[in-house]
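Listed below are the residues making up each chain.
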Amino acid sequence: LVIVIGAVLWLAPTLVWPEIPWQHLLGVGIGGLLLIIGGVLDDRYNLKPRWQIVFPVLAALVIVVSGIGIREITNPFGGTLRLDTWAWFPDVFTFVWLMGMMYTTKFLDGLDGLVSGLTIIGALMVFLLTQTIQWYQPEVGMLAIAVAGAFTGFLVWNWHPAKIFLGTGGSTLAGFLLGTLAIISGGKIATTLLVFGVPILDAAWVIARRVFWERKSPAQADRKHLHFRLLDSGFSHRAAVIILYAVAALFGALTLVL
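The numbers attached to residues start from 1 for each chain and follow its sequence in the written order. With the structure being a predicted model, the display of local features is reserved for residues of pLDDT at least 70 and the display and counting of side-chain atom pairs for 80 or more, all residues being used for whole-chain, interface and lining totals. The basis for every side-chain value is the complete set of non-hydrogen atoms in the structure, without hydrogens or water.

Novice: Any chance you could explain unusual backbone geometry here in plain terms?
Specialist: Excluding glycine, residues mostly have negative phi values, and the peptide bonds linking residues are mostly trans. Following His160, the chain continues to Pro161 via a peptide bond in cis, the omega torsion being 0°. In DSSP terms, a helix is any run of H or I states spanning at least four residues, a strand is any run of E spanning at least two, and both are numbered starting from the N terminus. By secondary structure assignment, the location of Pro161 is in the loop between α7 (138–158) and α8 (167–184). Even without glycine at this site, Asn46 takes up a positive phi of about 50°. Inspection of the secondary structure puts Asn46 in the loop between α2 (22–45) and α3 (49–52). Relative accessible area decides the class of each residue, using a 1.4 Å probe on protein chains only: under 20% of the type maximum gives buried, over 50% gives exposed, and in between gives partly exposed. The class of Asn46 is exposed, set by a relative accessible area of 64%.

This is how it looks when you write it as structure tokens:
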């Protein structure tokens with residue numbers, strides 16, 4: 001992904017710059033590198049959750065410092081909602097949004113190919129939306145299709161039975177890239193929320209159940225996630241993944257017509 005974007009900046013810089021400032025791209029690169037470093041350390045030393053969270057926090061802070069932020073969101077009842085009424089609120093909203101996306105994809109990474117495929121679907125939906133007349137943004141579209149292409153190449157080897165795996169670094173990177181794309185593309189939060197709506201609700205429900213009902217750490221793994229429930233209900237590994245692909249694609253496609 002970095003090589004592709006670097007080549008574009010070298011050979012055809014107008015495809016990205018100046019619509020997307022260089023400091024934004026640098027922030028995405030540094031944030032992604034921090035997540036990969038954290039993932040490598042976790043794979044090697046099996047870090048405890050309180051240390052694992054350091055790298056997503058740093059990555060989200062890098063995005064905020066680089067100037068990427070959510071200044072306004074569309075009001076479903078008409079118009080827009082300004083988030084910069086309070087100077088600090090856009091930064092806090094951006095931080096919470098990115099942390100939520102990173103941990104959604106991290107919790108979701110339980111079946112071969114699931115997170116990779118959903119990331120492709122999410123990036124494709126952002127790309128298709130940026131090609132419409134109303135929301136035409138070719139620069140953002142180039143970044144989105146690059147993300148989709150990178151994860152498509154990975155999915156070839158990550159499809160069940162997987163030969164390579166995302167790990168902590170890769171799973172958090174997927175949410176990080178999608179969450180950042182949603183912001184850079186002018187606050188297309190709704191698109192990403194629709195694609196990842198079911199996984200986000202699933203992650204929120206599992207965390208709430210662990211904390212409030214079972215009185216245990218939200219980081220403690222179990223088989224209560226939706227994708228595991230599909231397996232326990234008798235669906236095959238691939239069928240469970242394809243069902244979740246279909247749900248994400250259906251909801252994501254709604255953003256193109258609504």
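Novice: What is the right way to read the nonpolar core from this model?
Specialist: Across soluble globular proteins, you tend to see nonpolar side chains buried next to one another. The biggest cluster of nonpolar side chains holds 59 residues, and the ones touching the most others in it are Trp97, Leu114, Leu118 and Phe176. Broken down by element, the residue count for this core peaks at nine residues, all from α8. Here, two residues are considered to be in contact whenever any of their heavy atoms come within 4.5 Å of each other. Beyond its immediate sequence surroundings of up to four residues, Leu114 is in contact with Leu108, His227, Val241, Leu244 and Tyr245. We define a nonpolar core as any set of buried Ala, Val, Leu, Ile, Met, Phe, Trp, Tyr and Cys residues linked to one another through side-chain atoms lying within 4.5 Å.

Novice: Explain the environment of His237 here, please?
Specialist: Structurally, His237 is set in helix α12 (residues 237–257). Taking the C-alpha atoms as reference points, His237 and Thr168, 69 residues apart in sequence, are found 21 Å from one another. Residues within four places of His237 in sequence aside, it is in contact with Leu111, Asp112, His160 and Leu231. For this analysis, a polar contact is any N or O atom pair within 3.5 Å, provided that within protein one partner can donate a hydrogen and the other can accept it, and provided that sequence-adjacent residues contribute only side-chain to side-chain pairs. From its side chain, His237 meets the backbone nitrogen of Asp112 in a polar contact 2.9 Å long.

Novice: Teacher, can you tell me more about empty space enclosed by the protein here?
Specialist: Unfilled space is identified by rolling a water-sized probe across the atoms. The pocket and cavity definitions rest on a 1 Å grid over protein atoms only: a 1.4 Å probe that fits but cannot leave marks a cavity, an open set with protein on both sides within 12 Å along at least five of seven lines marks a pocket, and residues lining either have an atom within 4 Å of a point. Grid points are joined across faces, edges and corners, and a volume is the space filled by probe spheres set on the points. With the rule as written, the count across this model stands at two cavities of 30 Å³ or more. Its volume calculated, the largest cavity comes out at about 50 Å³. In terms of lining, the largest cavity is formed by Leu35, Gly38, Gly39, Gln52, Phe55, Pro56, Thr168, Gly169 and Thr172. For the lining of the largest cavity, the elements supplying multiple residues, two or more each, are α2, α4 (54–65) and α8. Residues are grouped as follows: Ala, Val, Leu, Ile, Met, Phe, Trp, Tyr, Cys and Pro are nonpolar; Asp, Glu, Lys and Arg are charged; every other residue, Gly included, is polar. Residue classes in the lining of the largest cavity are distributed as three nonpolar, six polar and no charged. In this structure, the second largest cavity encloses a volume near 30 Å³. Lining the second largest cavity, in full, are Leu118, Val195, Val198, Pro199, Leu244, Val247 and Ala248. For the lining of the second largest cavity, the secondary structure elements donating two or more residues are α10 (197–213) and α12.

Taken by themselves, the reported measurements are silent on function.
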